[in-house]
Structures are given as structure tokens and as C-alpha cells.
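# Examining the three-dimensional arrangement
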Amino acid sequence: MSLRRNILDLRKRKDEVRKGGGDEAIGKQAAMGKLTARERILAIVDEGSFHEYDMFVEHVGTDFDMGNKVLAGDGVVIGTGTIYESPVCLFAQDFTVAGGSLGLMHARKITKIMDHALKMRVPLIGINDSGGARIQEGVNSLAGYGEIFFRNTLSSGVIPQISVILGPCAGGAVYSPALTDFVFVVENISKMFITGPAVIKSVLGEDISMEALGGARVHAEITGNAHFFALSEKECFEQIKTLITYIPWNNTQKAKTFPVKEPKSKYKIQNIVPADARLPYDIREIIKSITDGSEFFEIMELFAANIVIGFGRMNGETIGFVANQPKVLAGVLDCDSSDKAARFIRYCNAFNIPIITLEDMPGYLPGVDQEHAGVIRHGAKILYAYSEATVPKITVIIRKAYGGGYIAMNSRHLRADFVFAWPMAEIAVMGPEGAANIVFRKEIAEAEDPDAMRQQKIQEYKDKFANPYVAAAKGYIDEVIEPQETRKILLHALRISASKDVQGPSKKHGLPPF
Amino acid sequence: MAEQEKPQIIIVHSAKYQTTYTKKYENRKVWVEPNFNHINSYIPGTIIDILVKDGQKVAAGESILILEAMKMYNDIKMPFKGKIVKVYVEIGQKIPKNFLMIEIEPVE
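Residues numbered from 1 in each chain as written. Chains lettered and ligands numbered in written order. Predicted model: local features only at pLDDT ≥ 70, side-chain atom pairs only at ≥ 80, totals over all residues.

### Structural notes on the overall build of chain B
Spelled out, the test is: Helix numbers and strand numbers start at the N terminus; a helix is a DSSP run of H or I with at least 4 residues, a strand a run of E with at least 2. Each radius of gyration reported is based on C-alpha atoms, and the globular scaling rule is 2.2 Å times the count of residues to the power 0.38. Think of it as a crowd count around each C-beta: if 20 or more other C-beta atoms lie within 10 Å the residue is buried, if 12 or fewer it is exposed, and in between it is partly exposed, with C-beta placed from the backbone throughout. We call two residues in contact if the C-beta atoms placed from their backbones are at most 7 Å apart.
Looking only at helices and strands, chain B features one helix and ten strands. Mapped from its N terminus to its C terminus, chain B presents α and β elements in the order β-β-α-β-β-β-β-β-β-β-β. In terms of overall dimensions, chain B is more spread out than a globule: its C-alpha atoms have a radius of gyration of 20 Å, far above the 13 Å expected for 108 residues. Its C-alpha atoms give chain B principal-axis dimensions of roughly 55 × 35 × 20 Å. Expressed as a percentage of the 108 residues in chain B, the buried residues total 19%. Excluding contacts between residues fewer than 6 apart, the proportion of contacts in chain B whose partners are at least 24 apart in sequence is 47%.

Set out below in C-alpha cells:
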């Protein structure tokens, strides 16, 4: 063969693989509103930056007449590319080829790119769209999943790992996304569950659709398995690209910095918070009034909305924000919000992202369901995560900081680097109403007009303790600040903390309450 | 989700806070004191066999009913020495979780 014929032959071979499962299968994929594996990758990476590997890998199944079947690329695409010029490793399961089912060589392609990502210390993006284990390959498929989970764990906290669920992801397959840092889902396309509707129906008699059991909304809102929810694949890809701008390539680096922009003038920080501690407002307005360009990239927006987490920039640098949300459930801490915040704090700590905590919460959510759901061990996660974190940790107490919640929300006692409070902050063991009822129980009960006495005692307690100065007198608060100074002071505190270096006692690993 | 017109109230330490509920909070299970005289199904399934009749006295630990669930036969036993007050299910009946199957009462 001449060189030219060799080249033509190569092109033909590659084109053959790029057809995936063929026109009919691609048509079906499109009918479900889904792009193909390669289209998805190309939509995420910078134009012309993608290189695919292992195109000619063939499956090794021989049982059940599999020996005669050709599966293009064994149902998965792997490669490298860049997103806004940051390098990434990617894999995308190809549903058009044998339903994206995972056999031995399919898994080996995935683990190859995972090993590559870890070795090169760059983020890994995995697009999941698979019917599950390739039954014909039996225990080899299971081995494949195990090898993937092991690598997810090994890479955890070293490189960012992103999972995108763009089709079914069922049974054991769900555990790879669950082990990664961020999970993206799309309405009507993503489906995740351990046991599908058919089995649930036959065994338990419960009739439920795939969407109601493990659709995108379920995981974004109820289970907390998903971090980002989108209405279309296109929106999802934009979210992934935005996320990449906020995080570093690996745990030894810092996220890229951007030009500093002042917050937008429409956010007037001093006008957002009602003076009455019992009235709500949207804490995200406060975040946007202090971040560069008023930009805030919220994570897990729909799950446990009583706490807000996400990234913004200050002085061009990525900052992780953790903030109580008075607008939802009065901003209480509960099982879900503790879980949500704790994991995010650990993410920021692992990837050198300073944490700013905005505090305004009345305490933990009362209720039998909370106690029985284990609010003790879930609540402990947030204490653990803040205590353990060694990145710069700065707290601003906006309004209420009561009881155990005060301690949990990155207090001085958990080694916060800076604690600031607004003048209307109330740092106390509990709110005036509760405290007066306990401290002055006898006086209230014995009074001629108990209600009038209660109001009087509440007011007395309020005057004496519902302020930041009792805590400031003990040095638990570093400075009481005016609201409009907040951004300036935070920028200063971040600058001072830039070279922060603290070492804890040496240990193999701690035992967080999970 | 949390976007609602009417403000809702959360009470923490006697203080009433104006806020909005989440769907999960609204759908939370309200706790009810368990009634130990009610034998409820702890899993959905099918009644395979009923081994007792109304009014019968039964010793603690004796089998009173077989419930098939997850392809397993679950042997439901008498939790204490007592009497069968009423059997609420029939053989072959499919029941959901937490379904009252048999009512009992202790006897001395």
C-alpha cells in the first residue's frame, strides 16, 4: 500500500468508529432529545482541542454469540481537550453502541483516561449514558465498575472529578458519580437509581415512573445526589464550563484568577436585611453585593435551600461561600443543610479555596423527624468540616447567631481566622423569646399579667444580650463593622490570609461522622 | 420550590420566624406513638398464611402469620403473651407497608 492509501484506509477506519451504533441508533438517541457521545464532548471542550484515544479497541466478549459482534470503540469515547484553555480528560459512554453497556474493554478505556487524569493532575469529566453492566460479559463488567470506583476514590481530593448524567445510570453504575465531586443532571434525560421501577413493582408492588423515582429533579431537590440541574444538555454544558473557571486543576494549585470587577451598584448591602430578626430576606443578595461583578455560581440550589453554597470571586480569586438562607425554613440547620455545607467546606479545603461564611440562623430545626433522621451525626459533619479546614476561613455574622448553630457556623472556637459582626448581630445562647421564657419562668408565672411580664422580660434580655458586644467583649468577634464596609474588610482579611499555613497533628485520616 | 406567595412560619426557641417551607419539609412524616397492640407490615408483600384466629391465646414467640416480601417468607411472631383481638387480612392479600395485619392484646 502506498502512504496515501494507508492514510485513506486510516480515515475510513476512524469514520467507521465515529458512526458509533449506526444511523438508526443515532436517530433513536436524537429522538430522546439526546446528543451523541462525541457531540457532547465537542460541545464542552474548546473548538478543535479534542483528541480521541483508543478508537480501535474491541470488546472481548465471546459468550452468547458476542464473538461475531462489532461494537464501535466498545461503546465509550475517551480523550483529552481543553476548556477555556484549561486541560481536561474526558470519557463519554455511547448509548448508540450496545446501549452504552459496560464490558471489560469499555471499563479499561475509562480507567485508562482516569489514570491519565490523575497522573497529569488535571480534571476528569465523565459523561454517563449507559444501560449498565454488559450482562454477556458477566463478572468482567463488575470488575470494570470496581476498578472505576477505586480510581474515583484514589483521585478524590487530588483532581476535580465531574460526572454528567445524560441518560440512564442505574445499578452499580451510580456509584462512580456518587464518589465524584460534582454531579450534573438534565431534566427528562438523566435517570439514576439502584433498583429500577420494574423490579420495585414486581417485588414491592409500588408503581413509579423512572422520572419520579430517579429523574433529574428528584436528585437535585430530594436526594441531594446532584449538584447542578439543567433544562437542556446545552445549559448543562455551559454550567460545566463555568464550574471549570472557578476550580483549580488539582489540589496543589489555586484556581485561575480573573480581573477584579466591583459589585453592581443595584445591590445596596445596607438595604437588604430587615431590622426585625424574625423577617426573611434572600441571603444571595448579600453575597452578590460583595462579590466581584456581583457574580455568584450557586451549587445545589434546589436541595436544602435553607443553606446556600457556591463560588464567587473576590479580588479576582475564587471564594467558597456558605450562607444561611433566612428565606427558606428561617435558615435553620438540619440534616440536609449540614450535609450539603459540610461536603462543600471539605471541597474548598481540598482545593485551596478560601471560605467566607455569612451567618444568620436561629438554630437547629426542631422535630421528631429530624432527631430520628440523625440530626446529631449529620449536624456534627459541619463542625468537623469547619474545624478540619485549614484554608482561610472568614465569618460575617449578619444577624442571628444563636446556640449550637453559632458554634457550628465557623465560629472563632473552630479556629475561624477572622470573625466580623454587623451592629445588629445577636450572638447569644438562644433568641430573646426562648431565653426569657426559661430564665424568668418564675417571674412570668407569678405575675398578675404573665403576657405583659413575658414581653417585659424579653425586652430586658434583648437589651442586654441581643447584640454583638457581649461576644466582642470576650474577643470572640474581632470587629463589629458597618454593613457597607463588608466587601472592603473581607478583601483586606483575604489579603492578610493569603499565605496562611497551619498544620494539624499527624494522622492517617480523621473519622468524620459519615 | 421555595418561591411562594404566602409567608410561612418556623418556630425555634419560642420565636416565630417568617419564611418559606421546602417541599421536603411540608412532606415530612409526622410522628405518631407506636401502638404495640398493632402488628403492622414492615415491608409491602403478600400474606401467605395466617396461623391464628380471632380470640385465640398465643404465647410470646409463636408464629402468627407468614408474609412474603422480596421473595422471602417472613415469619411474623407474637411479641408477647397475649390474645388475638382481630385478624384484618386474608391469605393471598397483597398489602402495602405499615398495613395493620393483626390486632392483639396482652393477657396475664
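Structure shown, so let's carry the discussion forward.
### Some details on helix α16 (residues 432-439) of chain A
Three or more residues of α16 of chain A are buried, namely Pro432, Glu433, Gly434, Ala435 and Ala436 of chain A. Packed against the buried residues of α16 of chain A are β16 (426-428) and α18 (450-465) of chain A together with β2 (15-19) of chain B.

### Examining the nonpolar core
Note the cut-off: Nonpolar cores are built from buried Ala, Val, Leu, Ile, Met, Phe, Trp, Tyr and Cys residues. These are joined into a set through C-beta atoms within 7 Å.
If you look at the biggest cluster of nonpolar residues, it comprises 137 residues, and the most contacted ones within it are Phe184, Ile240 and Ile345 of chain A. For this core, the element with the most residues is helix α12 (residues 335-350) of chain A, which contributes seven residues. Beyond its immediate sequence surroundings of up to four residues, Ile345 of chain A is in contact with Val322, Ile355, Ala385, Tyr386 and Ala389 of chain A. The next biggest cluster of nonpolar side chains, apart from the first, holds eleven residues, and it includes Ile47, Val58, Ile64 and Leu67 of chain B.

### A word on the sheet that holds strand β10 (residues 100-106) of chain B
The condition that has to hold: The pairing criterion is simple: DSSP has to find at least two bridges between the two strands.
Reading across the sheet, the four strands line up as β3-β10-β8-β5 (chain B) and stay open at both edges, with antiparallel pairing between neighbours. The sheet terminates laterally at β3 (38-40) and β5 (57-58) of chain B, the two strands that pair on one side only.

### Description of the confidence of the model for chain B
The criterion, for reference: A residue's pLDDT is simply how confident the predictor is in it, with values from 0 to 100.
Across chain B, the average pLDDT comes to 90, with 94% of residues at or above 70. Across the whole predicted complex the pTM is 0.92, and at the interface the ipTM reaches 0.81.

### Observations regarding the interface of chain B and chain A
Much of the literature gives interface size as the accessible area that the parts lose upon coming together. Our working definition: Residue type decides the class: Asp, Glu, Lys and Arg count as charged, Ala, Val, Leu, Ile, Met, Phe, Trp, Tyr, Cys and Pro as nonpolar, and the leftover types, Gly among them, as polar.
Contacts between chain B and chain A engage 23 residues on the former and 27 residues on the latter. Of all the secondary-structure elements, those providing two or more residues to the side of chain B that touches chain A are β1 (8-12), β2 and α1 (23-26) of chain B. Tallying contributions element by element places β2 of chain B first for the side of chain B that touches chain A, with five residues. Residues that form the side of chain B that touches chain A fall into these classes: eleven nonpolar, six polar and six charged.

### Here's the deal with the pairing of strand β2 (residues 76-83) of chain A
All names here are of chain A. Burial analysis of β2 places six of its eight residues in the buried class, the great majority of the element. Note: strand β1 (residues 51-53) against β2, three bridges, orientation antiparallel. When the bridges of β2 are listed, His51 appears paired with Thr80. Looking at chain direction, β2 and strand β3 (residues 86-93) are connected through eight bridges and run antiparallel. Residue pairing across strands places Gly79 opposite Leu90, the latter belonging to β3. Between the antiparallel neighbours β2 and β3 lie two residues, among them Tyr84 with a positive phi of about 45°.

### With respect to the packing of helix α3 (residues 37-44) of chain A against helix α10 (residues 233-246) of chain A
Residues and elements named next belong to chain A. Where we set the bar: Angles shown run from 0 to 180 degrees and are taken between the N-to-C directions of axes, each axis being a line fitted to C-alpha atoms and, for helices, limited to the stretch in contact. In this scheme, roughly parallel covers angles under 35 degrees and roughly antiparallel covers those over 145, while 65 to 115 is roughly perpendicular and the rest are oblique. Crossings are assigned a handedness: left-handed for a near helix turned anticlockwise from the far helix by less than a right angle, right-handed for a clockwise turn.
Two numbers describe how α3 lies on α10: the axes approach to 9 Å, and their chain directions differ by 45°. Classified by the angle between their axes, α3 and α10 sit oblique to one another. For the crossing formed where α3 meets α10, the hand is right-handed. Of α10, the residues touching α3 (which contributes Arg40, Ala43 and Ile44) are Glu233, Phe237, Ile240 and Lys241. Across the contact of α3 with α10, the residue classes tally to four nonpolar, no polar and three charged.

### As for helix α14 (residues 375-388) of chain A
All names here are of chain A. Rules: An expected span of 1.5 Å times one less than the residue number is assigned to each helix.
With 14 residues, α14 should reach 20 Å at 1.5 Å per residue; the first-to-last C-alpha distance of 20 Å fits that figure. Restricting attention to buried positions, one finds in α14 the residues Val375, His378, Gly379, Lys381, Ile382, Leu383, Tyr384, Ala385 and Tyr386. Packed against the buried residues of α14 are α12, α13 (368-372), β14 (393-402) and α15 (403-408).

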